[in-house]
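Each chain is listed here by its residues.
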There are 2 protein chains.
Amino acid sequence: MIRNMNPRLLMVGLLAAASLLVRGASAQNAPTDNPPGGPLVLASQGSFFVGGRTVHSDANRGVSGGAQTGVSNEGDVTVDQMYVQYMVPSGGEQQTPVVMVHGCCLSAKEYETTPDGRMGWQEYFVRKGYPVYLPDQVSRARSGFDPTVINEVKLGMRPPADLPGILAVSHQRAWELFRLGPQYGTAFSDSQFPLRSVEDLYSQLIPDLNSMSTVTSTLTDLSQLALQLHGAVLVGHSESGFFPERAALMNPGGIKGIISIETGAPTCDTTLSPDQVGALANIPILLIWGDHLSDVPSTADFWSNSFQKCNQFAAQVNAVGGNVQVMNLPGMGIHGNSHMLMQDMNNLQIADLVLSWMDSTFGDQSF
Amino acid sequence: MIRNMNPRLLMVGLLAAASLLVRGASAQNAPTDNPPGGPLVLASQGSFFVGGRTVHSDANRGVSGGAQTGVSNEGDVTVDQMYVQYMVPSGGEQQTPVVMVHGCCLSAKEYETTPDGRMGWQEYFVRKGYPVYLPDQVSRARSGFDPTVINEVKLGMRPPADLPGILAVSHQRAWELFRLGPQYGTAFSDSQFPLRSVEDLYSQLIPDLNSMSTVTSTLTDLSQLALQLHGAVLVGHSESGFFPERAALMNPGGIKGIISIETGAPTCDTTLSPDQVGALANIPILLIWGDHLSDVPSTADFWSNSFQKCNQFAAQVNAVGGNVQVMNLPGMGIHGNSHMLMQDMNNLQIADLVLSWMDSTFGDQSF
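Residues numbered from 1 in each chain as written. Chains lettered and ligands numbered in written order. Predicted model: local features only at pLDDT ≥ 70, side-chain atom pairs only at ≥ 80, totals over all residues. Heavy atoms only, no water.

(A) Fine view of the pattern of salt bridges. Taken as a whole, this structure holds 22 salt bridges over all chains when the rule is applied. With a closest N to O distance of 3.0 Å, Arg140 of chain B and Asp208 of chain B form a salt bridge. Of the two residues, Arg140 of chain B sits in the loop between strand 4 (132-135) and helix 3 (148-154) while Asp208 of chain B sits in the loop between helix 5 (198-204) and helix 6 (217-228), which places them 68 residues apart along the sequence. Exposure remark for Arg140 of chain B: the relative accessible area of 1% places this residue in the buried category. Among the residues examined, Asp208 of chain B registers a relative accessible area of 5% and is labelled buried. A salt bridge links Glu239 of chain B to Arg140 of chain B; the nearest nitrogen and oxygen atoms lie 2.9 Å apart. Taken together, the positions of Glu239 of chain B in the loop between strand 5 (232-237) and helix 7 (243-250) and Arg140 of chain B in the loop between strand 4 and helix 3 put the pair 99 residues apart, joining distant regions of the chain. For the residue pair Glu239 of chain B and Arg140 of chain B, the accessibility class agrees, reading buried in each case. Salt bridges linked by common partners bring Glu112 and Asp136 of chain A together with Arg142 of chain B together as one network. (Salt bridge = Lys/Arg side-chain N within 4 Å of Asp/Glu carboxyl O. Helix = DSSP H or I, 4+ residues; strand = E, 2+ residues; numbered from the N terminus. Buried < 20%, exposed > 50% of the residue type's maximum accessible area, 1.4 Å probe, protein only.)

So, in structure tokens, the structure goes:
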């Protein structure tokens, strides 16, 4: 049982030249376990959609959007559907599926190949015997969104103020929000993030259109997915960190376990009702935190507050007999992890800790 | 050598009740080959990005888009990067890679599991020994887009007329454009499309933001991908039908072969220069067409014109020693295929024809 409620506050040396630093930091990263090799043998793989509903759009082309002219600008479109891709390892058909949900301004790519080309959590968990399901959040990536409002404003049917604000996290913001270093272009000397490949992380950043979708649709779809899978462990990260808990509060039926990685905005909810806290006490929950939570001036308050709130949440649930574990990596002697710990140089080491938690919690014996 | 320049013009009986029809049409579909079974054994799989460039955004959040307040609304964002996922079969590491590009308002999902849960072309080609690469077009799905202009209009920095028109193909339009039947809700009696699962096709439809990206960026990225792969066959469909040819005209270096499926809007270019036609004459090209091109009143002119233009293009290239084959399925006795022939009930039968063309063209012996 790992419980560590105190963030590590460690000042690190700062280097001035970002490019030099990026190379230097990479060289300083500790070597990690060799990933499992050999062919990847799958019982099945593919993709499907969960949920979705039909709405009528009176502006599904805009003025210049259509390749064809003279076509009706009205019609029905499907929204709130959630795209899910999956891999089931050969021999793992009866194992508990793991559903990994990406964070803000990212897609399921987050869990695939790392920015520097190493094995991501998707393949690693599959190689360890678990079926892995990767959704794109509703209104993101292959799950799409309803662009009607944008076309309506273009066509003068609505005022510009009706447009959604669309969040595109900049390189500068990502560096500091994801805690690659104390300020943009400067890395932590012990950073585990593959900084030489940071451009690939920037390529992963795509616009977050959550303000254009029904807020709860991803949660509903996740609840439904867990039921369809006859039980699953839901993994959330950052923006989606508390999605598994929210999905469980909507329908706990299929949710066997919850892993919340660096729950961000919104952070863990400490205002749940006793009934809600009681419901979550029935589900094993693991909260994971990386390093340097307070070491980036522009995001220190944000992450420290998130960490504090999640620890408070854990205490609330555990006080009524719950099973919430807080895995605070620096408190365990694992240093330098960024917010993107599933992509860090020691990502498989952290995956092993998660797999051990699953083993001890669910009694799976496949690894 | 298959050459058939004449579209089949066949009137089909129309049924009135759409729901009855959908069930009926499905029952009438001819049975297809059993897909290859057993475990799927991969040498490798994963994802990466090709291309991309950095632009400065002065509105990367909009008013209400950010989860955090007090954060700068400016910064650098990466655009024009192309997300690519891949699977390399065990033993197929030396085989010619096949890059399959999706069409309008769709994502790479187009080539994955079919709407009714059957094996798609991605897995089938992998099982036949070929590495398969699935890009999401630039500005689509996991390749993202730059939302700056939308935020700028919301913030009053630009007029609404500057907004892009965003194309979301409606159910009604998709039914007729993809030729599922003569009009929305009515199916062709011999339709090969899995109509009972048409809702899943609608879920695949996501907004086309091509008007927000640099027009040539997907083409540049495809050329670069083919070079990175040291030679590849590029497959385009519909909106992307002529992308392989365009990519080859930018840089033919890595493009060993081209497969253009139902090239749509824009259609095949018959105004190329002699040098351009000559360049394409060096690359084996296969053009594939489904059924009922002229049988949907609202799209008959569009598809007939596209077919005619592509045949004209084929004749131009072949006149200077090229190797362009036109695979007109109804002319070969294969009836009822929709525009989404890679998802039709006989999708693997058509895949076999493509594989045979690759075999005879490139001499591959893996199937």
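(B) Region of interest: the interface of chain A and chain B. Contacts between the two partners involve 72 residues from chain A and, on the opposite side, 72 residues from chain B. For the pair chain A and chain B, the summed buried area comes to about 5800 Å², and 54% of that belongs to carbon and sulfur atoms. Where chain A packs against chain B, one counts four salt bridges. Arg142 of chain B is the partner of Asp136 of chain A in a salt bridge, and the nearest nitrogen-oxygen pair spans 3.1 Å. On inspection of chain A and its partner chain B, the count reaches 38 residue pairs in polar contact (both at pLDDT 80 or more). Looking at the side of chain A that touches chain B element by element, the count peaks at nine residues for strand 1 (residues 40-57) of chain A. Note that strand 1 of chain A and strand 1 (residues 40-57) of chain B share three bridges and pair antiparallel. When the bridges of strand 1 of chain B are listed, Leu40 of chain A appears paired with Leu42 of chain B. (Contact = heavy atoms within 4.5 Å. Buried area = accessible area lost by both parts, 1.4 Å probe. Polar contact = N/O pair within 3.5 Å; in protein donor to acceptor, adjacent residues only side chain to side chain. Pairing = 2+ DSSP bridges.)

(C) Here's a closer look at the packing of aromatic side chains. For the coordinates displayed, the defined rule picks out 23 aromatic pairs over all chains. Ring geometry for Phe48 of chain A versus Tyr133 of chain A: centroids 6.3 Å apart, planes at 65°, classification edge-to-face. Within this pair, whereas Phe48 of chain A is found in strand 1, its partner Tyr133 of chain A is found in strand 4 (residues 132-135), the two being separated by 85 residues in sequence. Judged by centre distance (6.4 Å) and plane angle (75°), the rings of Trp289 of chain B and Trp303 of chain B are edge-to-face. Linking Trp289 of chain B in strand 7 (residues 285-289) with Trp303 of chain B in helix 9 (residues 300-319), this pair joins segments that are 14 residues apart in sequence. On the accessibility criterion, Trp289 of chain B (1% relative accessible area) is buried. Judged by its relative accessible area of 1%, Trp303 of chain B is buried. Through pairs of rings, three or more aromatic residues link up here, namely Trp289, Phe302, Trp303 and Phe307 of chain A. The side chain of Arg179 of chain A reaches across the aromatic face of Trp303 of chain A, ending 5.3 Å from its centre. (Phe/Tyr/Trp six-rings, centres within 6.5 Å; stacked < 30°, edge-to-face > 60°. Lys NZ or Arg CZ within 6 Å of the ring centre and 35° of its normal.)

(D) Highlighting the relation of the copies chain A and chain B. Of the transformation placing chain A onto chain B, the axial shift is 0.0 Å and the rotation is 180°, giving an RMSD of 0.0 Å. The superposition of one copy onto the other is thereby described by a two-fold rotation axis. In terms of C-alpha distance to the rotation axis, chain A has Ala141 of chain A as its closest residue, with the C-alpha 1.8 Å off the axis. The residues that chain A uses at the interface reappear at the interface of chain B in 100% of cases, marking a shared surface. (Least-squares fit on C-alpha atoms with pLDDT ≥ 70 in both.)

(E) Structural detail: the packing of helix 6 of chain B against helix 7 of chain B. Residue and element names in this part refer to chain B. Contact geometry for helix 6 and helix 7: axes closest at 8 Å, N-to-C directions at 70°. When the interaxial angle is binned, helix 6 and helix 7 end up roughly perpendicular. Within the contact between the two elements, helix 6 uses Thr218, Leu219, Thr220, Leu222 and Ser223 and helix 7 uses Phe243, Arg246, Ala247 and Met250. Counted by class, the contact of helix 6 with helix 7 contains five nonpolar, three polar and one charged residues. (Axes fitted to C-alpha atoms, helices over the stretch in contact; angles between N-to-C directions. Parallel < 35°, antiparallel > 145°, perpendicular 65-115°, else oblique. Nonpolar A, V, L, I, M, F, W, Y, C, P; charged D, E, K, R; others polar.)

(F) Quick peek at helix 7 (residues 243-250) of chain A. Looking at helix 7 of chain A, one finds that the buried residues are Phe243, Pro244, Glu245, Ala247 and Ala248 of chain A. In this structure, the buried side of helix 7 of chain A is in contact with helix 6 (217-228), strand 5 (232-237), strand 6 (255-261), helix 8 (274-280), strand 7 (285-289) and helix 9 (300-319) of chain A.

Fair warning: the whole summary comes from geometry, so function is off the table for now.
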